[in-house]
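The residues making up each chain are set out below.
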Amino acid sequence: MVNIAIDGPAGAGKSTIAKKLAADLGYVYVDTGAMYRSMAYYFLTNHIDAGDEKAVEAACPDVNVTIQYVNGEQQVLLNGENVNSVIRKEEVGNMASTISVYPVVRTKLVELQRQLAAKENVIMDGRDIGTVVLPDANVKIYLTASSKVRAQRRFDELTEKGISCDMSEIEKDIIDRDYRDMHRETSPLKQAEDAILLDSSDLDIEGVVAKMKEIIQKAV
Ligand code: DC
């Protein structure tokens, strides 16, 4: 199987780019952030305190996350229910970052991610794909952009969806999330030693896709 790992901070464009690449190259796109988000959504809706590791640990056996593909789109099933439409909010993303520090949460999801990569050619994006989940991936890319550019993109995305938001709050959230994701003890976000660094600050989507295709085609 061919495995392509894309890691990077929040809002760098990983999922947009990975989705396009997967469609163009005929790979299965695996969005691991959506898995952490679905667990976060469970804790939010069941009023479980994300700061209480014991409470999170105790609840984990009740959370079943599975993945299905419908017309090429990844659907995350939380205890059998498709939660795609309720996990994209900033609140859920921030909660996902908070609960993703716990080894019990990570172990559960990493296993599911490895199973998917073992049976399909995948483009998988996340924070620890090249470093922990798929250390032997054929291609590893670390996609980043400045926090200003990432905040602007997120602002545009939310505004387009009709969700009102505040630019400075979004940038603060992004900086906080970067810090938490990069400084946690278990599987922190960092560039794998053998990953190629790609800064998308001055590139549009097509530009990044073209660069990545070049990298992938050279390697695979
Ligand atoms: O990519 P995203 O914004 O959907 O991810 C939400 C959070 O989930 C992110 O801030 C940290 C966590 N996450 C992680 O710890 N490991 C991954 N492979 C993917 C996401």
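The structure reproduced in this document is the subject of the present report. Sequence order as written defines the numbering, with residues in each chain counted from 1. Per-residue local features are limited, in this predicted model, to residues with pLDDT of at least 70; the limit for side-chain atom pairs, both in listing and counting, is 80 or more; totals at the level of whole chains, interfaces and linings are taken over all residues. For the side-chain quantities, the full set of heavy atoms in the structure was used; hydrogens and water were omitted.

## Looking at the site of the ligand
1) Next: If a single non-hydrogen atom of a residue is within 4 Å of a molecule or strand, that residue counts as near it. R37, R106, R177, D181 and R184 are the nearest of the 16 residues found near the ligand.
2) Next: In the environment of the ligand, an oxygen atom lies 2.8 Å from a nitrogen or oxygen atom belonging to the side chain of D181.
3) Next: Computed with a 1.4 Å probe, the accessible areas rest on the Shrake-Rupley method; for each residue, only the protein chains presented here act as cover. Burial of the ligand by the protein chains amounts to 96% of its free accessible area of 450 Å².
4) Next: A run of H or I in DSSP becomes a helix once it reaches four residues, and a run of E becomes a strand once it reaches two; helices and strands are each numbered from the N terminus. At the level of elements, α2 (32–45), α4 (90–99) and α8 (167–183) are the ones that each hand at least two residues to the shell around the ligand.
5) Next: Of the residues forming the shell around the ligand, the biggest block, four residues, is contributed by α2.
6) Next: Taken together, the residues of the shell around the ligand break down into three nonpolar, five polar and eight charged. By the criterion applied in these results, polar contacts are pairs of N or O atoms within 3.5 Å in which, for protein atoms, one can donate a hydrogen and the other can accept it, and in which residues neighboring in sequence qualify only through two side-chain atoms. Basically, the charged four are Asp, Glu, Lys and Arg, the nonpolar ten are Ala, Val, Leu, Ile, Met, Phe, Trp, Tyr, Cys and Pro, and anything else, Gly included, counts as polar.

## Quick notes on the packing of α2 against helix α5 (residues 103–119)
Geometrically, a packed helix pair is captured by the angle between its two axes and the distance between the axes.
1) Next: Taken N-terminus to C-terminus, the directions of α2 and α5 make an angle of 145 degrees; their axes are 11 Å apart at the nearest point. Where α2 crosses over α5, the two elements pack in a sense that is right-handed. Every residue of α5 that contacts α2 at T32, M35, Y36 and M39 is listed here: V105, R106, K108, L109, V110, L112, Q113 and L116.
2) Next: When the residues that make up the contact of α2 with α5 are grouped by side-chain class, the tally is eight nonpolar, two polar and two charged. The convention used is that axes are lines fitted to C-alpha atoms, helices contributing only their stretch in contact, and that angles between N-to-C directions extend from 0 to 180 degrees. By convention, the crossing between two helices is left-handed when the near helix turns anticlockwise from the far helix through less than a right angle, and right-handed when the turn is clockwise. Residue contacts are counted whenever heavy atoms from the two residues lie within 4.5 Å of one another.

## Comments concerning the side chain of D178
1) Next: With respect to the element layout, D178 can be found in helix α8.
2) Next: For D178, the residues in contact, after removing those within four places along its chain, are P9, A10 and R150.

## Quick word on the nonpolar core
1) Next: The set of buried Ala, Val, Leu, Ile, Met, Phe, Trp, Tyr and Cys residues whose side-chain atoms join them within 4.5 Å is what this entry labels a nonpolar core. Note on classification: 1.4 Å probe, protein chains only; a residue is buried when its accessible area is under 20% of the maximum for its type, exposed when over 50%, partly exposed between these limits. Counting 38 residues, the largest nonpolar core has M35, M39, F43, V65, I99, V105 and M124 as its most contacted members.
2) Next: Put simply, the parts of the chain that give this core at least two residues each are α2, α3 (53–59), β3 (65–70), β4 (73–78), α4, α5, β6 (122–126) and α6 (129–133).
3) Next: With seven residues, the top contributor of residues to this core is α2.
4) Next: By size, the runner-up hydrophobic cluster in this structure holds 20 residues, among which are I4, I6, M212 and I216.

Distances and angles like these do not, on their own, reveal function.
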